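Now for the letters of each chain:
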Amino acid sequence: MTHGYNNPKNKPTDDNYTGYLYPENYDCYNISERANYEASVYENPVNYDDSELEGIEYYRMPQPLDGPPMDSAWPMFCHDVRHTGRSPFSTADNPGIEKWRSVIIYEDFSGSPVIDNNGTIYVGSWDFYAFNPNGTVKWENDDLYCVETAAAIDENGIIYVGDRHGYFFAINPDGTLKWKISTGDNIFSSPAIADDGTIFFGDGGNWNIKALYPNGTLKWKYKTGLVVYSSPVIGDDGTVYCGSHDNYLYALYPNNGTLKWKFGTGHWVRTSPCIGDDGTIYFVSLDSYLYAVYPNGTMRWKTDVGAGTHPTIGQDGTIYCGYSKLHAVNPINGSIKWKFDVSGKIRGGAPCHSVDGTIYLGTNGGWIYAIYTNGTLRWKKKIGTEVESAPAIDKDGTVYIGSYLNKWVGGSIYYPYGNFHAFGDAVSNDSPTIPMITGPHSGLANKKILLKFVSVDPDLNPISYYINWGDGNNESTKDYGSDEKAYVEHKWINGGNYTVKVKAIDSFGSESNWSDPWEITINEKPYIPAIDGPKFGFVGQDYEYTFRSIDPDGDDVYYYVDWDDEIIEEWIGPYSSGKEIIINHSWSERGKYTIKAKAKDIRNSESDWGYLEVNMPRTRTTTYLWYQWLKDKYPLLEVIISRILSL
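Thresholds applied
- Residues numbered from 1 in each chain as written.
- Predicted model: local features only at pLDDT ≥ 70, side-chain atom pairs only at ≥ 80, totals over all residues.
- Heavy atoms only, no water.
- Salt bridge = Lys/Arg side-chain N within 4 Å of Asp/Glu carboxyl O.
- Helix = DSSP H or I, 4+ residues; strand = E, 2+ residues; numbered from the N terminus.
- Buried < 20%, exposed > 50% of the residue type's maximum accessible area, 1.4 Å probe, protein only.
- Phe/Tyr/Trp six-rings, centres within 6.5 Å; stacked < 30°, edge-to-face > 60°.
- Disulfide = S-S within 2.5 Å.

1. What about the pattern of salt bridges?
Here is step 1: This structure, assessed with the given rule, holds 17 salt bridges.
Here is step 2: Asp237 serves as the salt-bridge partner of Lys260, at 3.3 Å between the closest nitrogen and oxygen. Residue Lys260 is found in strand β18 (residues 259-264), and its partner Asp237 is found in the loop between β15 (233-234) and β16 (240-243); the two are separated by 23 residues along the sequence.
Here is step 3: For Lys260, a relative accessible area of 28% gives the class partly exposed.
Here is step 4: The exposure class assigned to Asp237 is exposed, which follows from its relative accessible area of 53%.
Here is step 5: We note a salt bridge from Arg300 to Asp278, for which the minimum N-O separation is 3.1 Å. In this pair, Arg300 is assigned in strand β22 (residues 299-304) and Asp278 in the loop between β19 (274-275) and β20 (281-284), connecting sequence segments 22 residues apart.
Here is step 6: Connected via shared salt-bridge partners are Arg82, Arg86 and Asp277.

In C-alpha cells form, the structure reads like this:
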C-alpha cells in the first residue's frame, strides 16, 4: 500500500547544504553535516550568550522537573537512554513485506522514527510528521526545517527534537508547538530524556553539550573543543556521555554539567555512544576504532571497524557497528565475530535489534537489511537512493524506516521523493511487474552484448531475473532492488535471429509473466580474405592479384586493400560472398611489400586482415639491357629461352 502526500512548498535555500565538494575523510557525514563542520572549523569560536534563547519568558527561573521518557515501543533514538538499539518485541514473524509506504514530494526522510504508546510514528524530513500506524499522515508541522535526527518523547507525550536551522522544539502530541529555542547553529544530535525529565542534546556548531528543563530553560551547558554532533546517552547513575569533534568522549555529571572525565581518541567522535549492561561505554571514532571504556574513563579495549555508524548492543551483548561492513564485535575482548558486506555505507541507518535477534539497518546505497545474529542475510530491500534513517521496531514487530529517492522525470530533471516505509506481515505478496528490456537489436557473434532489464516489485522485495536468451541458454541473475536497472551481458556463438524474453522473480518466489519478446540479430563477420598473385616481379609492371572472402551469413562483401606503397583501395564492392575478384597493381620502386586486405559485409562487420608478401627487386629497364647483351653474344640463346618459356 502506498500513500501519496504531496508537499510542493518552496523550501528555504541553504547554501551549506549543496554548495560544497568535500574531502574524502568527511565521508562518514551526510552533505549537510559536513558543510556545517567546515563552517565551525574555519570560523573563530563564538562565545555563546544564553540570551540568544528565544520564546521562553521565564528563562533562568528555577523550574520543577518531571516527564521521564515515555514507556513505549520506541520513544527515542536507538530505543532507550543507553542507545542500545534493543527492542523488547519480536520480529520473528516479520517476512519483510512492505505493508505501506508514504511518499512526499520535494522531501527526504533522513530523520529517524520514534513511536509513542498509541502507535503514532514521528519522523523528521524537511518538515516534521506524525504517521498513523496505517501509513496515513496524522499531522505535519512545518515550523521545523530539515530534521535529520530522531526525536525523544516524554511520558506526557511531548516530543523534543532539533533541526538544521538551530532550533530546538517541544511539540504537543497534536502537532502544535509548545515552545522552541534558538541555538544559532545546526543541530544533528538526537536528544535523550533522563528520569527526572532533563533533556540532553549536542548543540552542534556552538560546541556545547546542553541540558534543558522540560519547559525549555537552560539547566547547564558544557563547552567542548569543537562541534558536537554526537547524541548523548545516560548511564544508570545519571552520568551523561557524549562525543565531540575535538576527538574526545566526555563524561559529565548530570546535576551541574561539570566534567567527570574525558577520553581522547585519534579523530572526531561524531556518532552516539551506547552503554552495555555492565556500564561499559562503546563508541566509534573517525580514527576507525570502536572503543570500549570503563565507567571510570579507562580503556577496556579497542578494535578496528572502519568507523561508520552509531554502535548498538545486541540481545546477547554483541556490539554491532561498521561502515562498508557490519561488524559483530565480542564485548569481552573486542574480537570480531563476523563481518557482513553491505551495498553502500552504513551512516545514519544505525543497527537495531528485535528480541529474536534480527539486526536491521539502512545504508546510503538505498538498502534496508535484515541480518541474522550469525551474520547471514534474512532479507534485504532496495528502498531508495539513500537510507540515512535508523530503523525503529514497533510492538507488533513492524519495522519503520525512512528513505530518499531522486526520481528522473525527463531530460536532466529529477524530483526528490521522501519515502517512509513500514515492513511487516502483509496480507499478501504481490508479483513483480513484467520486465522491460532495452538495448541493441543487433550484434556480432562471439561478442558480448549488453541488455538492460527492469521490473518493479510492489512490496519492494529484491528481484532476480530469469532470462531465456533464445539460443538454448537460460540464466538467473543476482538480486536487484525494485526498479533497479539490471545490466546483463550475453554472447551468441553463431549468427542468426534470436528472441530474448525474461521474467522477474521476487525474494518470496512470486513471478511476473514473461516479457514481450526482444528480437536480436547476430551477424557473423566475413572470413579473412585469401590473397593470391605473383610474389616476385618488376618495378613498373602491372600484376593481377585475386581476393576472395566468404561471409557465413551469405551477405555481399566489400574489400579494403592496402598495397603498402601509400596506395589503398577503400571498400570496393559489393561482391557476392565467395566470389573471386581481380585487382591490378604495380609498384614504382624496388623493395619488399606486404599486401594486406580485409572484408566487410553489408552490415559493416569486418574480418581480420589477410596478408601476402611480395618482392620487387629488379627494374624492367636493367633486365632488358642485360638480356639484349646475352642475345647478341649468344644468338642461339634466344631460341632456347623461347622454348623454355613456351613449356
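2. Section: the packing of aromatic side chains
Remark: the centre distance and the inter-plane angle together describe each pair of aromatic rings, the angle taken between the planes.
Here is step 1: Within the structure shown, the criterion is met by 46 aromatic pairs.
Here is step 2: Residues Phe263 and Phe283 carry aromatic rings whose centres are separated by 6.1 Å and whose planes lie at 80° to one another, so their mutual orientation is edge-to-face. One end of the pair, Phe263, is in strand β18; the other, Phe283, is in strand β20, with 20 residues separating them in the sequence.
Here is step 3: Overall, Phe263 belongs to the buried group, its relative accessible area being 11%.
Here is step 4: Seen in terms of ring centroids, Tyr465 and Tyr480 are 6.1 Å apart; in terms of plane orientation they differ by 55°. Their pairing is tilted. In this pair, Tyr465 is assigned in strand β37 (residues 463-468) and Tyr480 in the loop between β38 (474-476) and β39 (486-491), connecting sequence segments 15 residues apart.

3. Describing the state of the cysteines
Here is step 1: One pass over the full model with this rule turns up zero disulfides.
Here is step 2: Cysteine Cys78 shares no disulfide, and the gap to the nearest cysteine sulfur, in Cys274, comes to 7.9 Å.
Here is step 3: The exposure class assigned to Cys274 is buried, which follows from its relative accessible area of 0%.

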